[in-house]
Amino acid sequence: MRRIVLCLFLMLGLAAPVMAASCGKTGAGFDAWKASYAAEARAQGVGPRGLAALADTSYATATIKADRNMHSFKLGLDAFMEKRGAATIVSQGRKKKAANAALFKKIEKKYGVPAGPLIAIWGMETAFGTYMGHQNTISAVATLAYDCRRPDYFREQLIAALTLVDKGVLSSSSTGAMHGEVGQTQFLPKNVLLYGSSLNGGGIDLNEKSDALASTANYLRGHGWRPGLGYRPGEPNYAALQEWNAASVYQQALAIMGNEIDGN
């Protein structure tokens, strides 16, 4: 009996570190977690470059702080639009549309998405590419994959990010927004894999506006966008805008600004 109890104790003792490493609420266990998670990443097809990038990550305290303090989506529509500078986005967006008319014509011809919603997203996400963030992308995604709040969601994103490192689209030094979004319209890694596009047929560079806007149009098309139809609430293409961001005020703001930019 003593031998059986001892065996059970040892089994539980050996299992405990694995269970503890499943997620964490502080950075204390991050290094141990990423070392153990490397085996899972390898099993999902991540190669040497991606695994090296994972090993090179550090716990992103700023990402965790940002994740715990997202308050603007709790505002009403008018307050949200004022806070996010909707009037300025529309004003500048009309100028961007005119200055890049050939680009937007090419995108609409290929993907069926007009300039307005793309410019609204571009303005909302990065102020037209002027601020794309300075957080290390792989560290941000790895931290959220380790964190106990939404580990399953961000572990998918982490595998995608490491795959993009293997493909040369990202690197261990890539930077972006606090949750791992990259480029001028802030794509999460999994969406880069699924919808990343290059108008010029070369490698994908979402820090370059044509690729970022083409990828955004491809994303909307992939979520049911139908050419020539409206995108206000209740219209057919509003559902595609809803897929861009889960917050209702964000969705409504995009529809309003996009239509104003398009002159509708």
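Residues numbered from 1 in each chain as written. Predicted model: local features only at pLDDT ≥ 70, side-chain atom pairs only at ≥ 80, totals over all residues. Heavy atoms only, no water.

Asks: What am I meant to see in the overall build of the protein chain here?
Replies: Within the protein chain, the secondary structure is distributed over 14 helices and two strands. Dimensions of the protein chain, computed from C-alpha atoms along their principal axes, come out at roughly 80 × 40 × 30 Å. Taken across its 264 residues, the protein chain has 47% of its residues classed as buried. Partitioning the intrachain contacts of the protein chain with sequence separation of at least 6 by distance along the chain shows that 70% fall at a separation of at least 24. Taking the average location of the 28 positive side-chain charges in the protein chain and that of its 20 negative ones, the two points are 2 Å from each other. (Helix = DSSP H or I, 4+ residues; strand = E, 2+ residues; numbered from the N terminus. Buried < 20%, exposed > 50% of the residue type's maximum accessible area, 1.4 Å probe, protein only. Contact = heavy atoms within 4.5 Å. Lys, Arg positive; Asp, Glu negative; His and termini not counted. Charge placed at Lys NZ, Arg CZ, Asp CG, Glu CD.)

Asks: It is not clear to me how the packing of aromatic side chains should be interpreted in this structure. Could you clarify?
Replies: Aromatic rings in a pair are described by how distant their centres are and how their planes are angled relative to each other. Counted by the stated rule, this structure contains 14 aromatic pairs. Put simply, the rings of F30, W33, Y37, Y59 and Y146 pair up and form one aromatic cluster. (Phe/Tyr/Trp six-rings, centres within 6.5 Å; stacked < 30°, edge-to-face > 60°.)

Asks: Please explain the state of the cysteines as it appears in this structure.
Replies: One covalent bond between the sulfur atoms of two cysteine residues makes up a disulfide. With the rule as written, the count across this model stands at one disulfide. Shown here is the disulfide that connects C23 with C148, its sulfur atoms set 2.0 Å apart. Between C23 and C148, the disulfide has an S-S torsion of 90° and is therefore right-handed. Residue C23 is found in the loop between helix 1 (2-20) and helix 2 (30-43), and its partner C148 is found in the loop between helix 9 (137-146) and helix 10 (151-167); the two are separated by 125 residues along the sequence. Under the relative-accessibility criterion, C148 is labelled partly exposed at 27%. (Disulfide = S-S within 2.5 Å.)

Asks: Looking at this structure, I do not really get the side chain of Q135. What am I missing?
Replies: Looking at where Q135 falls in the secondary structure, it is placed in strand 1 (residues 135-136). Among the residues examined, Q135 registers a relative accessible area of 15% and is labelled buried. Engagement of the side chain of Q135 in a polar contact is seen with the side chain of T63, the distance being 3.0 Å. Not counting residues within four places of it along the chain, the set of residues in contact with Q135 comprises A60, A62, T63, A140, S174, T175, G176, A177 and M178. (Polar contact = N/O pair within 3.5 Å; in protein donor to acceptor, adjacent residues only side chain to side chain.)

Asks: Explain the nonpolar core here, please?
Replies: Considering soluble globular proteins, one finds that nonpolar side chains tend to be buried as a cluster. Counting residues in hydrophobic clusters, the biggest one holds 67 residues, and the most contacted among them are L158, L220 and M257. Non-local contacts of M257, meaning those with residues more than four positions away in its chain, are made with M81, A86, I89, V90, A120 and M124. (Core = buried A, V, L, I, M, F, W, Y, C linked by side-chain atoms within 4.5 Å.)

Asks: Mind showing me how you'd approach the packing of helix 2 against helix 3 (residues 48-55) here?
Replies: Packed helix pairs are characterised by how far apart their axes lie and by the angle those axes make with each other. Where helix 2 meets helix 3, the closest approach of the two axes is 10 Å, and the angle between their N-to-C directions is 160°. It follows from the interaxial angle that helix 2 and helix 3 lie roughly antiparallel. Relative to helix 3, the crossing made by helix 2 is right-handed. The residues of helix 3 that touch helix 2, namely those facing K34, Y37, A38, A41 and R42, are L51, L54 and A55. (Axes fitted to C-alpha atoms, helices over the stretch in contact; angles between N-to-C directions. Parallel < 35°, antiparallel > 145°, perpendicular 65-115°, else oblique. Left-handed = near helix turned anticlockwise from the far one by under 90°.)

Asks: Help me understand the environment of P236 in this model?
Replies: Checked against the element boundaries, P236 lands in the loop between helix 12 (209-222) and helix 13 (238-244). Residue P236 is classed as partly exposed on the basis of its relative accessible area of 41%. Considered as a pair, P236 and G224 are 12 residues apart in the sequence and their alpha carbons are 8.8 Å apart. Excluding residues that lie within four positions of it along the chain, P236 makes contacts with R226, L229 and G230.

Asks: Help me understand the pattern of salt bridges in this model?
Replies: By the definition in use, this model includes seven salt bridges. With its nearest N and O atoms 2.8 Å apart, the salt bridge here joins D67 to R68. D67 sits in the buried class, given a relative accessible area of 3%. Taking the relative accessible area as the measure of exposure, R68 reaches 38% and is therefore partly exposed. In this structure, the salt-bridge partner of R149 is D67, at a minimum N-O distance of 2.7 Å. With R149 in the loop between helix 9 and helix 10 and D67 in helix 4 (residues 61-67), the pair connects residues that are 82 residues apart, well separated along the chain. In this structure, a network of salt bridges that share partners links the residues D67, R68, D147, R149 and R150. (Salt bridge = Lys/Arg side-chain N within 4 Å of Asp/Glu carboxyl O.)

Asks: Would you mind going over unusual backbone geometry with me for this structure?
Replies: Of all residues except glycine, most have a negative phi; of all peptide bonds, most are trans. The backbone phi angle of F128 is positive, close to 60°, even though this residue is not glycine. Looking at the element boundaries, F128 is found in the loop between helix 8 (115-126) and strand 1. Even without being glycine, Q186 reaches a positive phi, approximately 60°. Along the chain, the position of Q186 falls in the loop between strand 2 (175-176) and helix 11 (189-195). The buried category is assigned to Q186, whose relative accessible area is 10%.

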